[in-house]
Structures are given as structure tokens and as C-alpha cells.
Amino acid sequence: MTLRFVTAGESHGPALVALLEGLPAGLVVDTDAIDQDLARRQQGYGRGARQRIEQDRVRVLGGLVHGTTIGAPLALLVANRDYENWCDREVPPWTRPRPGHADLPGALKYGLSDMRLVAERASARETAARVAAGAVARQLLQQVDITIGSYVTAIGPIAMAPTEEPHGVLIERARQSNVGCPDPAAAERMRHLIDETRLAGDSLGGIVVVVAQGLMPGLGTHVQWDRRLDGRLAQALFSVQSVKGMEIGPAFENARALGTSVHDALYAGATRRTNRAGGLEGGITNGEPLVIRLAHKPIPTTVASIPTIDLQSGEQTGTQYQRSDVCAVLAASVVDEAMTAIVLADALLERYGGD
Ligand code: EPS
């Protein structure tokens, strides 16, 4: 791995931190652009009370001199404004695991009786650090005109109408939508569903499409399993909290069709008229846009109770009330873009070097 990153920090601790290593020297980093991505990650119809507290901004603690990288690791910090509200608060231990959250498996694994200690780190608040790192990777990709965008095609059972419009148009229109959906009629129905779901104390998932454009052929390789770009993207994207499904191109539809109707025929100049492969063949970019579709499960913290057990008493009970988002699919789409940017920037540096 040429470009790698790790994060640290808890949801209600002082800050989230990302360490991004492997950037070449001489990249001018625009911290306003990082803040714009952080702000995009905070938005969205259906988010909860926490987002009214936070105003995510990046602080660069290392790796930049006069705004330019020096080949050193970049240390990025995003403060948690909610931290001070929790410093002196007496919080009873959480003993009732939320089904679908890391609570129970995390508590069993680490031998913890207070599941808050699991939830603090499992929380999707951590994705603020990922988005900060991803925003830098995006700036590296922009140097060679690779761009990454996304749009939301479904929230719960409401899906946008099928369209042949170009990805760029859909991404641009999605940016104007507070549910991230480029189809205004579907977006209206999505907002209505989010309102109803909030009243019912429930939560919603959805589907995100991430598109990378301007990719040259030859990123990734077929020669070894762990260097195939499709596998590397899957690892990165499946690590995003709530991602439970992924396809490259219309993969599940392709699985039901015949090979001659699936594979993108080639024409003079190695051109294609279709992109059912989704931009990758043999784990290598083929010069077509990379198209990834991601299924995000509904958030496991719901106001309405779900049957669970109390680990202390052993009794059958229900999950306890906690503040939560109703729907965070638009926010998740920004995280999906960030993880895609990091994998592609890594593959770019691997192919062309950075020194
Ligand atoms: C989250 C629970 C909520 C979300 C949080 C993720 O936080 P809190 O418990 O403070 O209300 O708001 O997401 C963020 C704070 C964020 O910035 O995305 C969880 O349990 O995953």
C-alpha cells in the first residue's frame, strides 16, 4: 500500500484524528475544500440532534508547510464540540445491546460490560476523520483530472426513476438535493417517508451510487489477488459503517443475463459503447467511469424499541431510548466517495510513483 491511513478518536471524546501517509511532496492542500466535504457529510434530511452541535472543521497538525505537503504524514484533527457536554456527565453503563450495532459482539470480544465503550469507537462519527483524509486524496486525484461524485438512488423502498442521463448531470443535481437524489419527485417522496419514519421512531437505509470519472486505464492489476482494484475497493467500502452490499456496474443484473449481452463490445480505438463492467476488467481500470453501487442498512439506533437482552440481569427487554439519526444515507455517500478517493489515489501513486 502506497497511500495508507488510520483514524483514532471516539464519538464523544475530544476529537477524531486521521494520519494519512504516502502523499508526495509538493501537493498544495486546500483546507477549505476539506471543510466543504466535512460540511457535506454533516448535511441531509433526517439527521439527528447531534449535527446541530457539531460544526466540523479540519485542523492540520503535521505534514503541511505553507499549505504544501513535504512527503511527510499528514495529521488531521476534527474536534468534537459535543465533548464538553459529556466531560462531567455521569452516564450509567449500557447493558442492553442494540441489535445491528457492534454493541454485543464488541462487548463479548473485549470483555466489556459497559457497551458504551464499544459504541464510542464503532460510531459513524469516526467517518468525519475518513472524509478529511479522503478530501486530500481527492485533491491529489484532481491533479490528473480524476473526479469522484455520488448520488442517492433509493431511501428505504422509494427509488428514483430509471434514467439514461449522464453521471455528471446526476451528480450535479444530487448536490442540490437535501436527500442527495437527482430525481426531484422521488426526493419529495423520500422526505415524506423520512418524516413518517421519524414520527414512528424508526430508521431508514438506502442505496448510493459512487462514480469516478477521468480514470486512465491501468490502475490496479490482475497479477495478484490483493492488488486487484475491485477487491481493494470492496475492502475499503465494506468497512464503512452501515454498508452491507456492493456491486461494480450492474453486477447483480449481469448475473442473470447471458455473456454476450453483458460484456461491453469493443470497437475501433479500443472504445466501448456500454459500461456494464463498471470501469474495471481483471481488477484493472479500463478507462471507463468506475461505477459502484452500495447498500446502506438502516441505522441500528432507533427510538422505537427492538427486543434485546439485558446483559447484567439476563432478562428479556427492549433497547433503551437514545438520540439518533433517522436517515444518514446522504452523509454516508460522502464517506463512500472519500473511501473511493483513498483507494484510487493509492492506485495512482502505485502506478506513477510520487517522488
Ligand atoms: C452514531 C450516533 C449518533 C450520530 C453519530 C453516529 O451520535 P450521538 O450518539 O452523539 O447522538 O449522530 O454520528 C455523528 C455524530 C456524525 O457526526 O456522523 C452512531 O452510534 O453510530
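Our structure is the block above this text.
This structure is a prediction, so every number in the text was calculated from the model and none was measured.

Undergrad: Mind showing me how you'd approach helix H8 (residues 184–199) here?
TA: Helical geometry note: an α-helix holds 3.6 residues per turn, so side chains three or four residues apart project in the same direction. With 16 residues, H8 extends 23 Å between its outermost C-alpha atoms, agreeing within 8% with the 22 Å of an ideal straight helix rising 1.5 Å per residue. Lining the buried residues of H8 we find strand E8 (147–155) and strand E9 (158–159). The residue sitting at the N-terminus of H8 and contributing the capping side-chain oxygen is Asp 183; that oxygen lies 3.1 Å from the backbone nitrogen of Ala 185.

Undergrad: What is the right way to read the layout of surface pockets from this model?
TA: By rolling a water-sized probe across the atoms, one finds the places where empty space is left. Considered as a void within the structure, the largest pocket measures approximately 1200 Å³ in volume. Lining the largest pocket are 49 residues, and of these His 101, Ser 123, Ala 124, Arg 125 and Thr 301 sit closest to its centre. For the lining of the largest pocket, the elements supplying multiple residues, two or more each, are helix H2 (50–53), helix H5 (116–122), helix H6 (127–142), strand E11 (243–248) and helix H12 (329–352). Here the lining of the largest pocket takes 5 residues from H5, the largest share from any one element. Here the lining of the largest pocket is composed, by residue class, of 19 nonpolar, 16 polar and 14 charged. Estimates place the volume of the second largest pocket at around 1000 Å³. Lining of the second largest pocket is provided by 25 residues; of these, Tyr 151, Thr 163, Glu 164, His 167 and Pro 250 occupy positions nearest its centre. Here the lining of the second largest pocket is composed, by residue class, of 12 nonpolar, 6 polar and 7 charged.

Undergrad: How should I be thinking about the pairing of E8 in this particular structure?
TA: Regular strands have side chains that alternate between both faces of the sheet. Burial runs high along E8: 8 of the 9 residues are buried. Examined bridge by bridge, E8 and strand E10 (residues 206–213) share 8 bridges and lie antiparallel to one another. Among the inter-strand pairings, Gly 149 is bridged to a residue of E10, identified as Val 211.

Undergrad: Help me understand the nonpolar core, please; the structure alone is not making it clear to me.
TA: Note on soluble globular proteins: their nonpolar side chains tend to be buried together. Of all hydrophobic cores here, the largest spans 77 residues; its most connected members are Val 136, Leu 233 and Leu 290. Ranked by residues supplied to this core, first place goes to H12 with 13 residues. Discounting residues that sit within four places of it in the chain, Leu 233 has contacts with Met 246, Leu 280, Leu 290, Ile 292, Thr 340 and Val 343. Among the nonpolar cores identified, the runner-up in size contains 5 residues, and Trp 94, Met 115, Val 118 and Ala 119 belong to it.

Undergrad: Even after reading the chapter, I still don't get helix H4 (residues 103–110), so can you show me in this structure?
TA: Listed as buried for H4 are Asp 103, Gly 106 and Ala 107. For H4, the angular spread of buried residues about the axis comes to 100 degrees, placing them on one side. Residues of H4 that are exposed and angled more than 90 degrees away from the buried face: Pro 105, Leu 108 and Lys 109. Among the residues trailing H4, Gly 111 stands out with phi positive, at a value near 65 degrees.

Undergrad: Can you walk me through the pattern of salt bridges in this structure?
TA: Pairing between side chains of opposite charge can happen when the charged atoms of each approach one another. Evaluated as defined, the whole model comprises 22 salt bridges. Two residues, Glu 54 and Arg 125, come together in a salt bridge whose shortest N-O distance is 3.5 Å. Of the two residues, Glu 54 is situated in the loop between H2 and strand E4 (58–62) and Arg 125 in the loop between H5 and H6; the sequence distance between them amounts to 71 residues. The exposure class of Glu 54 is buried, given its relative accessible area of 2%. Given the relative accessible area of 4%, Arg 125 is considered buried. Between Asp 346 and Arg 232 there is a salt bridge whose closest N-O contact spans 3.1 Å.

Undergrad: Could you clarify how one ought to interpret the site of the ligand in this entry?
TA: The full set of residues close to the ligand is His 12, Arg 41, Arg 47, Arg 50, Gln 51, His 101, Ser 123, Ala 124, Arg 125, Arg 323 and Asp 325. In the model, an oxygen atom of the ligand is placed 2.7 Å from a nitrogen or oxygen of the Arg 50 side chain. A molecule is said to occupy a pocket when more than half its atoms come within 2 Å of that pocket's grid points, and by this definition the ligand occupies the largest pocket.

Undergrad: Looking at this structure, I do not really get unusual backbone geometry. What am I missing?
TA: For residues other than glycine, phi is negative in most cases, and the peptide bonds are mostly trans. Phi is positive for His 66, which is not a glycine, with a value near 50 degrees. Within the element layout of this structure, His 66 appears in the loop between strand E5 (64–65) and strand E6 (68–70). Under the relative-accessibility criterion, His 66 is labelled exposed at 80%. Not every positive phi belongs to a glycine, and Ser 242 is a case in point at roughly 85 degrees.

Undergrad: Quick question: what am I supposed to make of the packing of aromatic side chains here?
TA: The relation between two aromatic rings is expressed through the spacing of the ring centres and the mutual angle of the planes. The final tally for this structure, using the stated rule, is 0 aromatic pairs. Directly above the aromatic system of Trp 86 lies the positively charged group of Arg 89, at a separation of 4.2 Å from the ring centroid. The ring of Tyr 267 carries Arg 273 above its face, with NZ or CZ at 3.5 Å from the centroid.

Undergrad: Got a minute to help me understand the sheet that holds E8 in this structure?
TA: Sheets are built from strands that pair by backbone hydrogen bonding, the pairs being arranged parallel or antiparallel. Ordered by their spatial adjacency, 5 strands build an open sheet running E9-E8-E10-E16-E11, and the pairing between neighbours is antiparallel. Where the open sheet ends on each side, the last strands, each with one partner, are E9 and E11. As paired strands, E8 and E9 are joined by 2 bridges and run antiparallel to one another. Residue Ala 154 lies in a different strand from E9, and its bridge partner there is Ala 159. Seen against the sheet, helix H9 (residues 229–238) touches E11 and strand E16 (290–296) and runs at an angle of roughly 155 degrees to E11.

Reading the values: rules and limits
Residues numbered from 1 in each chain as written. Predicted model: local features only at pLDDT ≥ 70, side-chain atom pairs only at ≥ 80, totals over all residues. Heavy atoms only, no water. Helix = DSSP H or I, 4+ residues; strand = E, 2+ residues; numbered from the N terminus. Expected span 1.5 Å × (residues − 1). Contact = heavy atoms within 4.5 Å. Polar contact = N/O pair within 3.5 Å; in protein donor to acceptor, adjacent residues only side chain to side chain. 1 Å grid on protein atoms, 1.4 Å probe; cavity = no way out; pocket = protein on both sides within 12 Å on 5 of 7 lines; lining within 4 Å. Points joined across faces, edges and corners; volume = space filled by probe spheres on them. Nonpolar A, V, L, I, M, F, W, Y, C, P; charged D, E, K, R; others polar. Buried < 20%, exposed > 50% of the residue type's maximum accessible area, 1.4 Å probe, protein only. Pairing = 2+ DSSP bridges. Core = buried A, V, L, I, M, F, W, Y, C linked by side-chain atoms within 4.5 Å. Arc of directions from axis to C-beta. Salt bridge = Lys/Arg side-chain N within 4 Å of Asp/Glu carboxyl O. Near = heavy atom within 4 Å. Sits in = over half its atoms within 2 Å of the grid points. Phe/Tyr/Trp six-rings, centres within 6.5 Å; stacked < 30°, edge-to-face > 60°. Lys NZ or Arg CZ within 6 Å of the ring centre and 35° of its normal. Axes fitted to C-alpha atoms, helices over the stretch in contact; angles between N-to-C directions.

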